[in-house]
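For reference, the chains in residue letters:
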Amino acid sequence: MPDDPSPAPDRRDDPAHPLLSLAVAIPTGAKVFLILSVALLPLALIAAYASIQTSRIADQEAAARLRVAAAEASRALSIELGGDLAALRAGLNALEADPTDTGACARVQGVYAAQATTGVQFHITGKAGAVLCGSQIPEDAARALQSSARGTVIVPARGLAVRLTAPGDEGVRAEAFFPIAFLGSIARPTGFLSRYGAALASEDGRLSLEALPDGGILDGVEETRLPLGIEDLALEMRIYGAPITTTLIVTMLLPLLMWFAAAAIAWFVVDRLLIRPLRRLRRIVGNYRPGDTLAVEHFGTLPAQEIHALSETFRAITVTVRTHEAGLAEGLVRQTRLTREVHHRVKNNLQVIASLINFHARSTSDTAASEAYAAIQRRVDALAVVHRHHYAELEENRGLELRAVIGELASNLRANAPDSAARTSMTLNVHPVLVSQDVAVAVAFLITELVELAMECSPAGMLSISVRPTDGNERAVVRITSPGLVDSPDFQSLMQTRYSRIITGLARQLRSTLHHDPLAGFFEIPIVAHAEG
């Protein structure tokens, strides 16, 4: 078969679609808030990103200042320490060659004389350990140098110790000590006003030259490290980045606050102008009952004027509906009166017909004709009984009470029974069942036919009529039991000549199947009905 070219249906419009069901279930106020939030969120994010970018630029500027200051400080330290160590190296080489060279010692002392006030010390020792030039460095610095194979040793919380050995004889060596105060003054950048921290670092330790003051929890730290060119010594410097102040936090959060405030204000306005008045109007319309006039509330001056116009329209509609309902009620009363009058006249006409039949039956001397008149009168009485009860039920229109109809019908059948059936007795077992007029007429005629058949076949037999509800009170079973309904030649003859066609037609009118038990002697048929509450 060829493929169907028609496109597949779009299930997004299907009310059973989960996304559509969720969208319908969300209140209108929430929808307005969500739509405005989504619409304004990009603007808020752009503004917040701009604030964050401004803070990042400030951090980058602080990092640039730090790199410039660290370069200056490392260069100053490298020059100062390099010059001092170069002078110390020259004196060491000279004294190795001639331990009595006082000129070389004087030159070294001249270089270190400017730093002597800051605690810088040096000495050059010979092979026997005797000091050839300078003064003994602090004991802890000397111990640190002796315990390390490195040429530069950081003395914790004290300073930097340096050892130089003569190239020709390792027994001749020079040692120098540079205290923290001296190193810190040399490493201080010129004109650098920001708070900073500085330290000398190597593989065996770290010497703090300037402590960075404690900052806040939100303060970020920028850090850089530059080598000095003296073994593995390096200068580390740290400063705080752009401070995260209250103003900066407010600047960053303000776009988000404005986004939320704009969405909330828009939702508040829509809720007060439209949603809440519509909700109140819906409640008023929901409480409306036919015949009332819609009581329109005064929503105030804030809600939209369209809401006021809509409420006035609803009120005008209820006034129109009430006027039309009053006219319909008046017409219904007139129609009911006419219907009652028609039924009253039909009932009177049936009574006149019954009286005429009774009059002709009494005036005839032919027994067969008299019995024929009596049979006709019984059927007219059956129709009159049903019509009279239907006339009584017109006000409520609930249906005909079958027990009352069958009770009165049984009384009329006893009164109009043939003389031969004067000894026939009847028992009734009828449950309260309501049926329509059509069903009542067919049941009344069916009972009349079967009772008359039973009386003709067994004039002195007991006759029983019962009605019981079944199938949840939606149906009922009518049963007529009598010895005259047992299968017999007389029964077969009467059924074939008179009653079979009539009974079958009445069963067809009831849209049901008539069941006959020839051994037990009863007829029963289910009918549409409901039990009386």
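Whatever comes next refers back to the structure up there.
Residues numbered from 1 in each chain as written. Predicted model: local features only at pLDDT ≥ 70, side-chain atom pairs only at ≥ 80, totals over all residues. Heavy atoms only, no water.

**Q** Account for unusual backbone geometry, with residues named and values stated.
**A** The backbone of Ala157 shows a phi angle near 60 degrees, a positive value even though the residue is not glycine. Positionally, Ala157 belongs in the loop between strand 3 (152–155) and strand 4 (159–165). Classification of Ala157 by relative accessible area gives exposed; the value is 67%. Unusually for a residue other than glycine, Glu231 sits at a positive phi of about 50 degrees. Structurally, Glu231 can be placed in the loop between strand 8 (221–227) and strand 9 (234–240). (Helix = DSSP H or I, 4+ residues; strand = E, 2+ residues; numbered from the N terminus. Buried < 20%, exposed > 50% of the residue type's maximum accessible area, 1.4 Å probe, protein only.)

**Q** Break down the side chain of Glu236 for me, citing the residues and quoting the values.
**A** Topologically, Glu236 is positioned in strand 9. The exposure class assigned to Glu236 is buried, which follows from its relative accessible area of 11%. Engagement of the side chain of Glu236 in a polar contact is seen with the side chain of Arg206, the distance being 2.9 Å. When residues no more than four places from it in sequence are discounted, the contact partners of Glu236 are Gly197, Ala198, Ala199, Ala201, Arg206, Glu223, Thr224 and Arg225. (Polar contact = N/O pair within 3.5 Å; in protein donor to acceptor, adjacent residues only side chain to side chain. Contact = heavy atoms within 4.5 Å.)

**Q** Any chance you could break down the state of the cysteines for me, citing the residues and the numbers?
**A** Applying the stated criterion to the full structure yields 1 disulfide. Across the disulfide from Cys105 sits Cys133; the S-S distance is 1.9 Å. Handedness here is read from the sign of the S-S torsion; for Cys105 and Cys133, about 90 degrees, the answer is right-handed. Linking Cys105 in helix 3 (residues 102–113) with Cys133 in strand 2 (residues 131–134), this pair joins segments that are 28 residues apart in sequence. (Disulfide = S-S within 2.5 Å.)

**Q** Could you give me a rundown of the sheet that holds strand 11 (residues 425–430), with the residues and numbers involved?
**A** Read from one edge to the other, the open sheet built from 5 strands follows the order 11-13-14-16-15, with strand pairing classed as mixed. Looking at which strands have only one partner, the edges of the open sheet turn out to be strand 11 and strand 15 (515–517). Adjacent strand axes in the sheet meet at a mean angle of 15 degrees when their direction is disregarded. Of the strand pairs in this sheet, strand 13 (residues 462–470) and strand 14 (residues 475–481) are connected by 7 bridges, and their pairing is antiparallel. Bridge pairing links Ile465 to Ile480 in strand 14. Helix-sheet contacts for helix 10 (residues 437–457) involve strand 11, strand 13, strand 14 and strand 16 (522–528), and the interaxial angle to strand 16 is about 180 degrees. (Pairing = 2+ DSSP bridges. Axes fitted to C-alpha atoms, helices over the stretch in contact; angles between N-to-C directions.)

**Q** If you had to explain the pattern of salt bridges to someone new, which residues and values would you point to?
**A** According to the stated counting rule, one finds 15 salt bridges in the structure shown. Arg158 is the partner of Asp140 in a salt bridge, and the nearest nitrogen-oxygen pair spans 2.7 Å. Residue Asp140 is found in helix 4 (residues 139–146), and its partner Arg158 is found in the loop between strand 3 and strand 4; the two are separated by 18 residues along the sequence. For Arg158, a relative accessible area of 36% corresponds to the partly exposed category. Between Arg225 and Glu236 there is a salt bridge, with its nearest N and O atoms 2.5 Å apart. Here Arg225 is found in strand 8, whereas its partner Glu236 is found in strand 9, with 11 residues between them in sequence. Its relative accessible area of 47% is what places Arg225 among the partly exposed residues. (Salt bridge = Lys/Arg side-chain N within 4 Å of Asp/Glu carboxyl O.)

Read these as spatial facts, not as claims about activity.
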